[in-house]
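# Commentary on secondary and tertiary structure
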Amino acid sequence: MLQLKWIKQNDEKVQTAADQKGINISIKELLILDEEKRKLRKKVEDLRFKRNKLSQEIGLLKRSGEDGLIEELKNKVKDINEKLLTIEFDLKNVENQFDEMMLQVPNIISEDTPIGSSDKDNVEIRRVGEPMIENKQLKDHVALGEMHDMIDIARGVKTGGSRSYFLKGIGVLLHRAVEQLAFDILIKKGLTPLEVPVMVRTDALTNTGYFPLGKDQTYKLVDENKWLVGSSEVPLVSYYANEIVDVDLPLKFSASSKCFRSEVGSSGRDVHGLYRVHQFEKVEQVVLCKADEEISNQLLLEITSNAEEILQLLELPYRVMAVCSGDMSQKTYKQFDIETWMPSRNAYGETHSSSNLLDFQTLRSNIRYRDENGELNFCYSLNNTAIASPRILIPLLENHQQEDGSIQIPKALQKYMNGMEKIVPVKMKCCK
RNA sequence: GGAGAGGUGGUCGAGCGGCUUAAGGCACUGGUCUUGAAAACCAGCGAUGGGGGGACUCAUCCGUGGGUUCAAAUCCCACCCUCUCCGCCA
């Protein structure tokens with residue numbers, strides 16, 4: 001959410017951002033509603049002023065014992081209240097419409113963001129590592145997972161429905177190893193680790209910008225009237241909701257949590273393997289800082305490079321993309337995605353997403369700080385993936401596979417795998 | 001799940017139908033005193049929105065939403081949350 005004052009002064013800029021993000025909203029209409037709201041409110045306030053005055057008079061008369069005039073005054077107030085009733089009703093209506101619309105106003109877009117309509121228009125900024133050349137001998141992660149008895153999608157679907165999976169044996173170790181590696185790196189970088197609630201109230205989702213537009217992506221716990229988060233970004237940002245914080249130094253947090261996404265609207269897409277699943281584990285970084293664009297952009301680079309460092313430790317080829325307007329969400333000001341090479345797709349696939357949201361989330365979440373002059377300001381917030389598994393297992397298994405079917409474990413990961421250097425195929429045990 | 005207590009500004013906390021325009025303390029800011037600091041004393045100090053060039057001024061805000069009343073932080077109803085005890089439980 002942007003501040004109304006700011007929207008008024010920059011209505012064209014905001015409208016442009018909406019158009020470029022593909023969000024259907026008319027800022028003009030919003031401002032008309034605001035005008036209407038203010039007019040009605042003025043009327044209500046004037047009437048309330050009169051009522052307050054009369055009521056005070058009644059109080060005074062009562063105390064002095066002069067009861068004579070009281071009935072007359074009471075009737076006057078009753079008249080006012082009757083008028084108020086209809087105007088207040090209209091006001092409420094306009095306010096509701098206005099509030100609903102305000103929740104859909106997008107964040108503006110940074111000047112260096114490429115303009116485009118979909119992920120095809122994202123712009124590559126840099127590549128690190130050499131992609132594996134396509135080779136018929138190569139197996140994809142599903143085949144490798146079966147071969148090593150570490151991924152079982154069929155039984156996952158049998159148990160949990162589409163887009164479900166079991167990890168098994170070494171697969172589980174690997175999954176936990178990449179998480180722990182990422183987590184340790186972030187802690188070393190000074191991020192404070194948190195264990196977070198993944199069942200949250202509606203407010204947390206609205207205030208972090210996931211609702212109302214992303215509602216259909218979110219699982220609801222009907223009886224509890226709570227929701228399952230799709231990212232620990234939600235609880236991490238909400239941690240300081242309605243608080244005044246000290247951001248002389250940026251507040252940096254990380255969490256490792258389960259994430260749940262309904263993936264409504266992507267049926268039929270990425271159905272093969274572990275790419276797009278309903279439940280996964282993600283290590284996330286969230287940063288709160290002063291309302292200073294330079295500082296926040298610096299931090300965006302910092303958290304992005306944290307993610308890159310992890311990919312480098314995993315010895316995976318990747319590229320960094322400047323995400324274009326049409327591929328951005330409502331809340332985003334500036335975004336980098338990291339795509340990791342996935343041999344089975346013969347393409348880079350998105351594994352990380354790094355965003356600067358300015359004060360979009362903190363306005364909704366009401367997270368403020370006092371500046372040098374003692375004035376209250378809204379913080380800026382940023383977030384980025386450190387690692388998300390099992391999606392990262394796709395490039396990890398596929399890029400590190402050897403000709404004999406074994407999988408080389410990157411050095412940095414070995415200590416998290418009890419010193420294991422290589423995964424060798426399990427011998428088929430006679431069990432059927 | 002059962003019983004009870006409670007939710008008031010940055011924080012603690014009083015108020016429990018009308019001189020509340022939310023007391024008072026703490027914290028914070030400025031000043032006096034002091035070589036400097038502390039202490040003491042004096043002064044200032046909530047948020048949001050509207051009007052005015054401005055000193056100002058008006059409305060709203062006491063967990064949230066309804067209701068009663070001429071008038072609600074205060075009374076009533078529903079919901080949310082916190083704490084204590086009991087029950088259940090990894």
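Keep in mind it's a predicted model, so treat the numbers as computed, not measured.

With that settled, the discussion passes to unusual backbone geometry. For the peptide bond that leads from Phe 211 to Pro 212, omega is 5°, which places it in the cis range. Each neighbour pair has its own omega, and for Ser 389 with Pro 390 the value is 20°, a cis peptide bond. If you trace the backbone, Pro 390 turns up in the loop between β15 (380–389) and α12 (393–399). At Asn 346, a position not held by glycine, the phi torsion is positive, near 50°. Mapped onto the elements of the fold, Asn 346 is located in the loop between β11 (334–342) and β12 (347–356). With relative accessibility at 37%, the residue Asn 346 sits in the partly exposed group.

This next bit is on the protein's contact with RNA strand B. In the vicinity of RNA strand B there are 19 residues, among which Ser 55, Arg 63, Val 77, Asn 81 and Arg 201 approach most closely. By atom count, sugar and phosphate contribute 73% of the portion of RNA strand B lying within 4 Å of the protein. Those elements that place two or more of their residues in the surface near RNA strand B are α3 (27–64) and α4 (70–102). A breakdown of the residues in the surface near RNA strand B according to their chemical character gives 4 nonpolar, 4 polar and 11 charged.

One turn of the α-helix equals 3.6 residues, which is why residues spaced by three or four share an orientation. Taking 1.5 Å per residue as the helical rise, α4 with its 33 residues ought to reach 48 Å, and the 45 Å between its terminal C-alpha atoms agrees with that figure. Of all the residues in α4, the buried ones are Ile 70, Leu 73, Val 77, Ile 80, Leu 84, Ile 87, Leu 91, Val 94, Glu 95, Phe 98, Met 101 and Met 102. Buried positions along α4 lie against α1 (4–9) and α3.

What follows covers the sheet that holds strand β7 (residues 226–228). The strand order across the open sheet built from 3 strands is β5-β7-β6, with neighbouring strands paired in antiparallel fashion. Each end of this open sheet is capped by a strand with a single partner; those strands are β5 (199–200) and β6 (219–221).

This part takes up the packing of aromatic side chains. One pass over the full model with this rule turns up 5 aromatic pairs. Judged by centre distance (5.9 Å) and plane angle (50°), the ring pair of Tyr 240 and Phe 253 falls under tilted. On the criterion of sequence distance, the pair formed by Tyr 240 in the loop between α9 (233–238) and β8 (251–260) and Phe 253 in strand β8 is long-range, its members being 13 residues apart. Like Phe 253, Tyr 240 is buried. A centroid spacing of 5.0 Å and a plane angle of 75° characterise the contact between Trp 341 and Tyr 348, whose relative ring orientation is edge-to-face. Tyr 348 shares its class with Trp 341; the two are buried. Cluster of aromatic residues (ring-pair linked, three or more members): Tyr 239, Tyr 240 and Phe 253. Its end group placed over the ring of Tyr 275, Arg 391 keeps NZ or CZ at 3.8 Å from the ring centre.

The topology assignment puts Asp 337 in strand β11. In the structure, Asp 337 is positioned 15 residues away from Ala 322 in sequence and 6.6 Å away in space, judged by C-alpha atoms. Filtering out sequence-adjacent residues up to four positions away, Asp 337 remains in contact with Arg 319, Val 320, Met 321, Val 323, Asp 327, Glu 350, His 352, Ser 353 and Ser 354. There is a polar contact of 3.0 Å between the side chain of Asp 337 and the side chain of Ser 353.

The rules behind these values
Residues numbered from 1 in each chain as written. Chains lettered and ligands numbered in written order. Predicted model: local features only at pLDDT ≥ 70, side-chain atom pairs only at ≥ 80, totals over all residues. Heavy atoms only, no water. Helix = DSSP H or I, 4+ residues; strand = E, 2+ residues; numbered from the N terminus. Buried < 20%, exposed > 50% of the residue type's maximum accessible area, 1.4 Å probe, protein only. Near = heavy atom within 4 Å. Nonpolar A, V, L, I, M, F, W, Y, C, P; charged D, E, K, R; others polar. Expected span 1.5 Å × (residues − 1). Contact = heavy atoms within 4.5 Å. Pairing = 2+ DSSP bridges. Phe/Tyr/Trp six-rings, centres within 6.5 Å; stacked < 30°, edge-to-face > 60°. Lys NZ or Arg CZ within 6 Å of the ring centre and 35° of its normal. Polar contact = N/O pair within 3.5 Å; in protein donor to acceptor, adjacent residues only side chain to side chain.

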